[in-house]
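Okay, here's what each chain looks like letter by letter:
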Amino acid sequence: MSTPETTETQQRVEPTAEPSWWHQSHPTFAGITGFFAGMLFVTALPGGFAGVLRLFFPYERAQDLFPLVLIALVLPIVLLAKRKTRRFGVFMVIGMVVTALVVLGVASLVLYFMVQYDVS
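Residues numbered from 1 in each chain as written. Predicted model: local features only at pLDDT ≥ 70, side-chain atom pairs only at ≥ 80, totals over all residues. Heavy atoms only, no water.

Applying the stated criterion to the full structure yields 4 aromatic pairs. Ring geometry for Phe 35 and Phe 36: centres 5.7 Å apart, planes at 80 degrees, overall edge-to-face. Judged by its relative accessible area of 24%, Phe 35 falls in the partly exposed class. The interplanar angle of 45 degrees and the centroid separation of 6.2 Å between the aromatic rings of Phe 49 and Phe 66 together place this pair among those described as tilted. Of the two residues, Phe 49 sits in helix α1 (residues 29-56) while Phe 66 sits in the loop between α2 (59-65) and α3 (74-81), which places them 17 residues apart along the sequence. Overall, Phe 66 belongs to the partly exposed group, its relative accessible area being 31%. (Phe/Tyr/Trp six-rings, centres within 6.5 Å; stacked < 30°, edge-to-face > 60°. Buried < 20%, exposed > 50% of the residue type's maximum accessible area, 1.4 Å probe, protein only. Helix = DSSP H or I, 4+ residues; strand = E, 2+ residues; numbered from the N terminus.)

See below:
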């Protein structure tokens, strides 16, 4: 067997400037990043918003302004509306829903066991 020779019809592949592990065109890239973005959206955004409000306003005023965090729900809606970001938006909404269900489920179980086994 001889080694294959390069011909003029074959194209050389030049290395790209991006790292090899950053595959944005990979089919699961949008799914994984969207899911974890949804998880962060549900957990970190309300807490961060409450912290920033508390830094700038007194407690009562910050408590009154906290429902404004719902304005942030515009982001997933816009991601779902645009065709180019729809796949990311769908997985972001899935991440948000799954995270909310897990948090509510665990909280309800903890509350149930605390009430059930209350030793007064």
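On to the packing of α1 against helix α4 (residues 86-116), then. With their axes 7 Å apart at the nearest point, α1 and α4 run at an angle of 45 degrees to one another. The angle between α1 and α4 places the two elements in the oblique class. Here the hand of the crossing between α1 and α4 comes out right-handed. Taken together, the residues of α4 that come into contact with α1 (itself represented by Ala 30, Gly 31, Thr 33, Gly 34, Phe 35, Ala 37, Gly 38, Met 39, Phe 41, Val 42 and Thr 43) are Arg 87, Phe 88, Phe 91, Met 92, Ile 94, Gly 95, Met 96, Val 98, Thr 99 and Ala 100. (Axes fitted to C-alpha atoms, helices over the stretch in contact; angles between N-to-C directions. Parallel < 35°, antiparallel > 145°, perpendicular 65-115°, else oblique. Left-handed = near helix turned anticlockwise from the far one by under 90°. Contact = heavy atoms within 4.5 Å.)

Looking now at a nonpolar patch on the surface. Where nonpolar side chains cluster on the molecular surface, the patch consists of Leu 80, Val 90, Ile 94, Val 98, Val 102, Val 106, Val 110 and Met 114 and spans about 630 Å² of accessible area. For the nonpolar patch, the element with the highest residue contribution is α4, accounting for 7 residues. Along the polypeptide, Leu 80 turns up in helix α3. (Patch = residues over 30% accessible without salt bridge, like charges linked within 9 Å, V, L, I, M, F, W, Y side chains within 5 Å. Areas by Shrake-Rupley, 256 points an atom, 1.4 Å probe, with all protein chains shown as cover. Salt bridge = Lys/Arg side-chain N within 4 Å of Asp/Glu carboxyl O.)

For the rest of this paragraph, the subject is α1. Here α1 spans 38 Å end to end across 28 residues, near enough to the 40 Å set by a 1.5 Å rise per residue. Each element contacted by the buried residues of α1 is listed here: α2, α3 and α4. (Expected span 1.5 Å × (residues − 1).)

The next thing to look at is the packing of α3 against α4. Put simply, α3 and α4 touch, their axes get as near as 7 Å, and they point 140 degrees apart. The orientation of α3 relative to α4 falls into the category oblique. In the crossing of α3 with α4, the sense of the turn from one axis to the other is left-handed. Along its contact with α3, which presents Leu 75, Pro 76, Leu 79, Leu 80 and Ala 81, the element α4 presents Arg 86, Phe 88, Gly 89, Val 90, Met 92, Val 93 and Met 96. Of the residues belonging to the contact of α3 with α4, the class tally is 10 nonpolar, 1 polar and 1 charged. (Nonpolar A, V, L, I, M, F, W, Y, C, P; charged D, E, K, R; others polar.)

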